[in-house]
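Take a look at the letters that make up each chain.
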Amino acid sequence: MDKKLFQAAVLGGIIVFLWGLISWMLLPWHQVTIKQFVNEERVAEVIRENALERGIYLMPSMYTYDNRQTPAVAQQRVEEGREKLARGPVMFASINPQGVNPNMAGSFFISIVINIIGAFFITWIVSQIKGGYWQRVGFITLIGFLVGFLGLLPAWNWWNFNMSYVVVGMMDLLIGWFLAGLLIAKIQQKKN
Amino acid sequence: MNIKFWRAAILAGIIVWVWSGVSWVILPWHQAATKQFRNESEVTQVLQDNTTSSGVYALPGLSVEYGVGHGNSQQGSYFFGPVHPEGRASSSYMLYFYSLFCSIVAAAIICWLILQAKGISFWKQVQFAMLMGLFAGVVLCNNDWVWAGYSRAYVAVSIVDLLIAWFFGGIVIAKNLANKGD
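Residues numbered from 1 in each chain as written. Chains lettered and ligands numbered in written order. Predicted model: local features only at pLDDT ≥ 70, side-chain atom pairs only at ≥ 80, totals over all residues. Heavy atoms only, no water.

### Notes on the pairing of strand S3 (residues 78-84) of chain B
Residue and element names in this part refer to chain B. Counting buried positions over the 7 residues of S3 gives 7, a clear majority of the element. Looking at chain direction, strand S2 (residues 55-59) and S3 are connected through 5 bridges and run antiparallel. Among the inter-strand pairings, Tyr57 is bridged to a residue of S3, identified as Gly81. (Buried < 20%, exposed > 50% of the residue type's maximum accessible area, 1.4 Å probe, protein only. Helix = DSSP H or I, 4+ residues; strand = E, 2+ residues; numbered from the N terminus. Pairing = 2+ DSSP bridges.)

### Considering the interface of chain A and chain B
Between chain A and chain B, the residue contacts involve 91 residues of the former and 92 residues of the latter. Roughly 8900 Å² of surface becomes buried between chain A and chain B when both sides are summed, with 69% attributable to carbon and sulfur atoms. Among the residues chain A hides against chain B, the three largest losses belong to A:Lys35, A:Phe37 and A:Leu150. Together they make up 8% of the total. Viewed at the interface, chain B and chain A are joined by 2 salt bridges. For A:Lys84, the salt bridge identified is with B:Glu40, shortest N-O distance 3.6 Å. Ranked by residue count, the leading element in the side of chain A that touches chain B is helix H5 (residues 133-159) of chain A, at 14 residues. A per-class count over the side of chain A that touches chain B returns 54 nonpolar, 24 polar and 13 charged. (Contact = heavy atoms within 4.5 Å. Buried area = accessible area lost by both parts, 1.4 Å probe. Salt bridge = Lys/Arg side-chain N within 4 Å of Asp/Glu carboxyl O. Nonpolar A, V, L, I, M, F, W, Y, C, P; charged D, E, K, R; others polar.)

### Re the packing of helix H1 (residues 3-26) of chain A against helix H4 (residues 105-127) of chain A
Each pair of packed helices can be described by the angle between their axes along with the distance between the axes. All names here are of chain A. Packing of H1 against H4 leaves a shortest axis separation of 7 Å and a crossing angle of 130°. Judged by the inter-axis angle, H1 sits oblique to H4. The handedness of the crossing between H1 and H4 comes out as right-handed. Mapping the contact onto sequence places Leu5, Ala8, Ala9, Val10, Gly12, Gly13, Ile14, Val16, Phe17, Leu21 and Met25 in H1 and Phe108, Ser111, Ile112, Asn115, Ile116, Ala119, Phe120, Thr123 and Trp124 in H4. (Axes fitted to C-alpha atoms, helices over the stretch in contact; angles between N-to-C directions. Parallel < 35°, antiparallel > 145°, perpendicular 65-115°, else oblique. Left-handed = near helix turned anticlockwise from the far one by under 90°.)

### A few points about the side chain of B:Gln125
Structurally, B:Gln125 can be placed in helix H5 (residues 122-147). If sequence neighbours within four positions are ignored, B:Gln125 has contacts with B:Ile114, B:Ile120, B:Ile173, B:Ala174 and B:Leu177.

### Observations regarding the sheet that holds S2(B)
Ordered by their spatial adjacency, 6 strands build an open sheet running S1(A)-S2(B)-S3(B)-S3(A)-S2(A)-S1(B), and the pairing between neighbours is mixed. For this open sheet the edge positions go to strand S1 (34-35) of chain A together with strand S1 (34-35) of chain B, each flanked by a neighbour on one side alone. One ladder, built from 2 bridges, connects strand S2 (residues 55-59) of chain A with S1(B); its direction is parallel. Across the sheet, residue A:Ile56 finds its bridge partner in S1(B), namely B:Thr34. Helix H3 (residues 40-50) of chain B rests against S2 and strand S3 (90-96) of chain A together with S3 of chain B of the sheet, and its axis sits at about 80° to S2(A).

### Let's talk about the side chain of A:Asp172
Residue and element names in this part refer to chain A. Mapped onto the elements of the fold, Asp172 is located in helix H6 (residues 163-191). Within the buried core, Asp172 has no salt-bridge partner, and the shortest N-O distance to an opposite charge, that of Lys35, equals 19 Å. Reaching out from Asp172, the side chain makes a polar contact with the side chain of His30 at a distance of 2.7 Å. In this structure, Asp172 is in contact with Trp19, Ser23, Trp24, Trp29 and His30, ignoring residues within four places of it in sequence. (Lys, Arg positive; Asp, Glu negative; His and termini not counted. Polar contact = N/O pair within 3.5 Å; in protein donor to acceptor, adjacent residues only side chain to side chain.)

### Regarding unusual backbone geometry
Of note, the amide linkage connecting A:Met59 to A:Pro60 takes the cis form, showing an omega dihedral of -5°. By the secondary structure assignment, A:Pro60 is in the loop between S2 and helix H3 (71-87). Each neighbour pair has its own omega, and for B:Leu59 with B:Pro60 the value is 0°, a cis peptide bond. Following the sequence through the fold, B:Pro60 ends up in the loop between S2 and S3. Despite not being glycine, A:Asn160 has its phi angle at roughly 65°, a positive value. You can see A:Asn160 is positioned in the loop between H5 and H6.

### Looking at the environment of B:Gln48
Positionally, B:Gln48 belongs in helix H3. Between the C-alpha atom of B:Gln48 and that of B:Gly76, which follows or precedes it by 28 residues, the distance is 21 Å. Those residues in contact with B:Gln48 that sit more than four places away from it in its chain are A:Arg87, A:Gly88, A:Pro89 and B:Pro85. Of note is the side chain of B:Gln48, whose polar atom sits 3.3 Å from the backbone oxygen of A:Gly88.

### Describing the pairing of S2(B)
Of all 5 residues in S2(B), 5 are buried; the element is thus mostly enclosed. Where S1(A) lies against S2(B), 2 bridges are found, and the strand directions are parallel. Across the sheet, residue A:Ile34 finds its bridge partner in S2(B), namely B:Val56.

Below is the structure:
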């Protein structure tokens, strides 16, 4: 394993993680794109009663997989689902009826590890590209921004995530990977 | 930017878009990773009564005093995702158009990056495109699985989906960007 590659991945991943903390905990921009239910107790109760397990829930559930249904029943569900889509509400949500663990230490650790893995891939990709310091910073930023086109914009398009949420998410990627790029490119420059 | 570049970007974008159609419409794996409420009508009514407008909703809410949320999780339910109380059109050609457009832009960025790595072989170009898909999957895994609480099954299918999409996309890019003698 190339020591510099590993060093760039670890430090780059930590920088992206730290940026994520600043972005979510200190800056108000994510919070302003997320709404609150009028009566949280009532929504929590109906979820507890109707969501049997953790998962992604769609409403209307016209496309949810059910291997017991016949093609005719599936078709009928899709027809009914179309009416419900037009009537509303339409929902795509990550739901856990048991709630979440308020202790976030485990999530922080996993997030750091995942960011380091991401930084490892990006460092390897950029190591294959010839260019000066700022060019490499630009490549890393661009690859970070690419995630917006592969994940955030499709979420806006297909699952109705609002544009303000997606734009903030894309800015987040742009800034996070720009900051990581400053360091990763520096380490790669020393190597060369 | 020449014709070869745009041909590679457009064809790869189309291939990735076609794959996502196959993956979502024909294969059952995405649907199998989603769940259904026991009583959808009851949830519908409660969501109608408790949402003021379209947007991404979180439960517990991300109020300023809680920072990143989780503050009121004693209620025992977690919810994160967009809700549109007024509904939406069941089918729109624009959805397909935007989806195709995103795939082509992503393919163009990947093509451009591959062109900056001069002289890499056909399979290395494919590997390059796949790695960028995998990188996107890893970053989204952080957002979706760790922080938004998406299920492992849903996130795993999404990562594999990106990897397959950009394997096909990478082949098209490498084929179209290839110089004589490659």
